[in-house]
Amino acid sequence: MFRNFFYKLAQFMQGRYGNDKLNTFLLIITAIIYVINLFVRSSWLFVVMMVPVALYIFRALSKNINKRLYENNQYVKIYTVFENFFKRQYYKVRDFKTHRYVKCPYCKSQLRLKKRTGNQKIHCPRCNEDFKKNILF
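Residues numbered from 1 in each chain as written. Predicted model: local features only at pLDDT ≥ 70, side-chain atom pairs only at ≥ 80, totals over all residues. Heavy atoms only, no water.

Teacher, can you tell me more about the overall build of the protein here?
For the protein, the helix and strand inventory stands at four helices and four strands. Counting from the amino terminus, the protein carries its helices and strands in the arrangement α-α-α-α-β-β-β-β. Relative to its length of 137 residues, the protein is extended, with a C-alpha radius of gyration of 24 Å against a globular reference of 14 Å. Scored against the burial criterion, the 137 residues of the protein give a buried share of 23%. Within the protein, counting contacts between residues at least 6 apart in sequence, those at least 24 apart form 38% of the total. Looking at the protein as shown, the accessible area adds up to about 10,900 Å², and 63% of this sits on carbon and sulfur atoms. One finds the centroid of the 26 positive side-chain charges in the protein at a distance of 6 Å from the centroid of its 6 negative side-chain charges. (Helix = DSSP H or I, 4+ residues; strand = E, 2+ residues; numbered from the N terminus. Rg over C-alpha atoms; globule rule 2.2 N^0.38 Å. Buried < 20%, exposed > 50% of the residue type's maximum accessible area, 1.4 Å probe, protein only. Contact = heavy atoms within 4.5 Å. Areas by Shrake-Rupley, 256 points an atom, 1.4 Å probe, with all protein chains shown as cover. Lys, Arg positive; Asp, Glu negative; His and termini not counted. Charge placed at Lys NZ, Arg CZ, Asp CG, Glu CD.)

This is how it looks when you write it as C-alpha cells:
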C-alpha cells in the first residue's frame, strides 16, 4: 500500500523543483510564526503564516526550474553575507584573549593580529599595503 503511494508521489514530482535552502527557510519562518501564534492566538497571524506555506508549496511544485534556481541563488548570496558577519563576530569574541581584529584602511579586509598593545606597523597581505595602528588593549 505505502509502496504504491510513494511510487505515485515520485511520478508526480518528476520534473518539478522540490526542496532547497530557500524552501527550508520558508518552513522555519512558518514554524516560528506558528509558535508565536500559539501564545498570541490571532487570526491575522494565522493568515500571515499561510503566506510562506503557500510560497513553499508553489516553489516545490513548480516546473520552472531555472527561475527557482535563480531565486535560491539570490537567497544564498544574502544568507552568506549574514552568515559571514556572525562568524566574524563569533571569532572576535572567541579570540579576545589572544588576538585583535583590525580593518585595513585600504582594502577594508579584517586582519587577525596577535594581542600586542601600542603603536603597531601592520602589513596587509591582501593589498600589500603597510599602515600604523594604535592598539589600546
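Before we go on, may I ask you to explain the confidence of the model for the protein in this structure?
Detail in the predicted coordinates should be disregarded across regions flagged by low pLDDT. On average, residues of the protein score 92 in pLDDT, and 100% of them reach the 70 mark or higher. Ranking the helices and strands of the protein by mean pLDDT puts helix 2 (residues 21-40) first, with 96, and helix 1 (residues 2-13) last, with 87. (pLDDT = per-residue confidence, 0-100.)

Help me understand the side chain of Asn72, please; the structure alone is not making it clear to me.
Of note, Asn72 is situated in helix 4 (residues 65-94). Taking relative accessible area as the criterion, Asn72 reaches 11% and is therefore assigned buried.

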